[in-house]
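Here is how the chains run, residue by residue.
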Amino acid sequence: PGRRPHAEVGGVEDASPAPFIVVRGFPASWGEQQVRMLFAIHGGVSTVNILPGSSGARMAYVKLKELDNSTEAVEQLHERRVGDGELVERCTISCQLLGTSSSGGGGGDG
C-alpha cells in the first residue's frame, strides 16, 4: 500500500482532502500577512504556506477558513492586479484551486 496524494503542485504533494488555493506571482516583499489580506473578504485564511521557487518566483498554499468560498475566491483573484503600491507592492497574481473532487474546472457566472 502506497500513499496516494490528492494533489501535486510543483513537485510538492498535499495529502489533505480539503481544497486549497495555489497563489503565484507575488513579489519577494510579500509575507504571510499580505497573502492573508488577499483572502480577508472571502472569510479569512486558515493556513498559509509560502514556498521559495526557482529564480525568485514564489508560491503560496492557502486554505480558507470557509472552504466553500474557495471557488469564488479563485474566480475573483485569478490574473488580478492587487496591491496599493504603498503598503502592499503591486503585482498580478494567479490562483488555482486544488484538492477538490472537481478540480478540473467548471462553469462560472463571472
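Shown above is the structure to which this text applies.
Residues numbered from 1 in each chain as written. Predicted model: local features only at pLDDT ≥ 70, side-chain atom pairs only at ≥ 80, totals over all residues. Heavy atoms only, no water.

Is there a simple way to think about the pairing of strand 4 (residues 45–52) in this case?
The two faces of a sheet get side chains in turn, since along a regular strand they alternate between them. Pairing geometry for strand 4 and strand 5 (residues 58–64), over 7 bridges, is antiparallel. Bridging from a neighbouring strand, Val45 pairs with Leu64 of strand 5. With antiparallel pairing between neighbouring strands as the criterion, strand 4 and strand 5 make up a hairpin whose turn holds 5 residues, including Ser55 at a positive phi of roughly 45°. (Pairing = 2+ DSSP bridges. Helix = DSSP H or I, 4+ residues; strand = E, 2+ residues; numbered from the N terminus.)

Please clarify how the sheet that holds strand 7 (residues 91–98) should be interpreted in this entry.
What links the strands of a sheet is backbone hydrogen bonding, and the strands pair in either a parallel or an antiparallel sense. The sheet built from 5 strands is open, its strands ordered 4-5-3-7-6 with antiparallel pairing. Because the sheet does not close on itself, it has two edges, and the strands there are strand 4 and strand 6 (80–82). Going from strand to strand, the sheet's axes swing by 30° on average, the running direction of each strand aside. Packed on one face of the sheet, helix 2 (residues 70–77) meets strand 3 (20–24), strand 5, strand 6 and strand 7 and runs near 150° to strand 7. (Axes fitted to C-alpha atoms, helices over the stretch in contact; angles between N-to-C directions. Contact = heavy atoms within 4.5 Å.)

What am I meant to see in helix 2 here?
Given 3.6 residues per turn, any residue in an α-helix points the same way as the ones three and four places further on. All buried positions along helix 2 are accounted for by Ser70, Ala73, Val74 and Leu77. Down the axis of helix 2, the buried side of the element spans an arc of 95°, and every buried residue falls inside it. Considering only its buried residues, helix 2 is in contact with strand 3, helix 1 (32–38), strand 5, strand 6 and strand 7. Looking one or two residues past helix 2, Glu79 carries a phi angle of roughly 60°, positive in sign. (Buried < 20%, exposed > 50% of the residue type's maximum accessible area, 1.4 Å probe, protein only. Arc of directions from axis to C-beta.)

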